[in-house]
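Chains, contacts and geometry: an overview
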Amino acid sequence: MFSSTEILSKINTYLKNLPYDRQPQSLYEPVKYVLSIGGKRVRPVLMLMSYNLYKEDVENILSSAAGIETYHNYTLLHDDLMDDSDVRRGYPTVHKRWNPNKAILSGDAMLVLAFKMMQQNPNNLSAVLDCFTQTALEIGEGQEYDMVFETRETVTEAEYIEMIRLKTSVLLACSMKIGALLANAPEEDVENLYKFGEMVGLAYQLQDDYLDVYGDDKVFKKKLGGDIVSNKKTYMLINAFNLADDRQRAELQNWCMKQDFDRNEKIAAVTHLYDEIGIRQLSEAKVTECFNAAQKYLDAVNVDENRKHILRSYIANLTNREY
């Protein structure tokens, strides 16, 4: 079994050495740029760890792992463009460093490259591509829901959970499933690993929402409070409205309706309301609930517990992070 650090090193080396020998090179410069600025590489790490539960030759599926990471970064590139974000992982976004048209075209190239990389391993290819294609469609659906929710007055907790499942969780689940498929894992294990990744994804996104409010700004790698400032309908805001008394609900509504406000004042006021209502504890409990559900799916995977230990440790660190 390889450690997560060893797996990450293999992925980073493979991505660094990917050839971009097609023309025009100007199309591929943003692709190389996006893949060179790092990140946790969670999805390819999970794919290789899933595979490594059954087989040791993880180098044989590095092309598939690179495909999942390329696809993930393609979605981020287009997210940044839609959100007009200036920075990603401390570096200028592609549409800021180049221009929006370049971001669209190079992003499209990344999508095609991702599928090309995914096809390089012929093992269970039909099932792998079915999973990858279904996931790509679901992520687009999740992104659309996220945009639609911005214009809706109310969103239910169930709708929000389904949106983040589609937008975030299914790609982690897909990574786990493809790793298992490439290792010729039993069908029941494949599905349990998919569900495991799905629940981990929910825990991860809910934790991300939580850290945007309660994270340590010295270690959290983006400006805190952005969800509050933009009135983003997160699990936290939805439940704050659901659980607030009349006074608290009126105050929340007032802050959400304000067009002219001091950023720090709004963040402090809404955070204080969250504290009063018990949203911090509720969010922590939801993350734990999703994490525990994930563990049950991993428990059901028919692999020796010693082989699951590294994966369990990696996920525990992932869902108990400070950034």
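Quick summary incoming for the structure in this document. Since the model is a prediction, treat every value here as computed from it, not as a measurement.

**Some thoughts on the nonpolar core**
Residues I178, L311 and I315 are the most contacted members of the largest nonpolar core, which totals 85 residues. Aside from chain neighbours lying at most four places away, what touches L311 is L46, M49, L53, M176, F196 and L298.

**Notes on the packing of aromatic side chains**
Evaluation of the coordinates by the stated rule reveals 7 aromatic pairs. With 5.4 Å between their ring centres and 75° between their planes, Y33 and W98 make a pair best called edge-to-face. Of the two residues, Y33 is situated in helix 2 (residues 25-36) and W98 in the loop between helix 5 (94-97) and helix 6 (100-118); the sequence distance between them amounts to 65 residues. A relative accessible area of 23% means that W98 is categorised as partly exposed. Taking 5.4 Å as the distance between ring centres and 50° as the angle between the ring planes, the aromatic pair formed by Y71 and Y74 counts as tilted. Of this pair, Y71 and Y74 are both found in helix 4 (residues 62-83), 3 residues apart, which corresponds to roughly one turn of the helix. Residue Y74 is classed as buried on the basis of its relative accessible area, which comes to 15%. Connected via pairs of aromatic rings, a cluster forms that spans Y71, Y74, F115 and F132. The ring of Y194 has K177 lying over it, and the distance from NZ or CZ to the ring centre is 5.6 Å. If you follow K266 out to its NZ or CZ, it ends over the ring of F261, 4.5 Å from the centre.

**Points about the side chain of D212**
Of note, D212 is situated in helix 9 (residues 187-214). Accessibility expressed as a relative area gives 3% for D212, which makes it buried. Side-chain polar atoms of D212 contact the backbone nitrogen of G226, separated by 3.2 Å.

**Description of the pattern of salt bridges**
Inspection of every chain in the model, using the stated rule, returns 20 salt bridges. With a shortest N-O distance of 2.6 Å, E59 and K10 are connected by a salt bridge. Here the residue E59 occupies a position in the loop between helix 3 (42-52) and helix 4, and K10 occupies one in helix 1 (residues 4-16), the gap between them amounting to 49 residues. Accessibility expressed as a relative area gives 39% for E59, which makes it partly exposed. With a relative accessible area of 22%, K10 lands in the partly exposed category. One salt bridge connects D146 with K232, and the closest N-O pair in it is separated by 2.9 Å.

Rules of the game
- Residues numbered from 1 in each chain as written.
- Predicted model: local features only at pLDDT ≥ 70, side-chain atom pairs only at ≥ 80, totals over all residues.
- Heavy atoms only, no water.
- Core = buried A, V, L, I, M, F, W, Y, C linked by side-chain atoms within 4.5 Å.
- Buried < 20%, exposed > 50% of the residue type's maximum accessible area, 1.4 Å probe, protein only.
- Contact = heavy atoms within 4.5 Å.
- Phe/Tyr/Trp six-rings, centres within 6.5 Å; stacked < 30°, edge-to-face > 60°.
- Helix = DSSP H or I, 4+ residues; strand = E, 2+ residues; numbered from the N terminus.
- Lys NZ or Arg CZ within 6 Å of the ring centre and 35° of its normal.
- Polar contact = N/O pair within 3.5 Å; in protein donor to acceptor, adjacent residues only side chain to side chain.
- Salt bridge = Lys/Arg side-chain N within 4 Å of Asp/Glu carboxyl O.

Distances and angles like these do not, on their own, reveal function.
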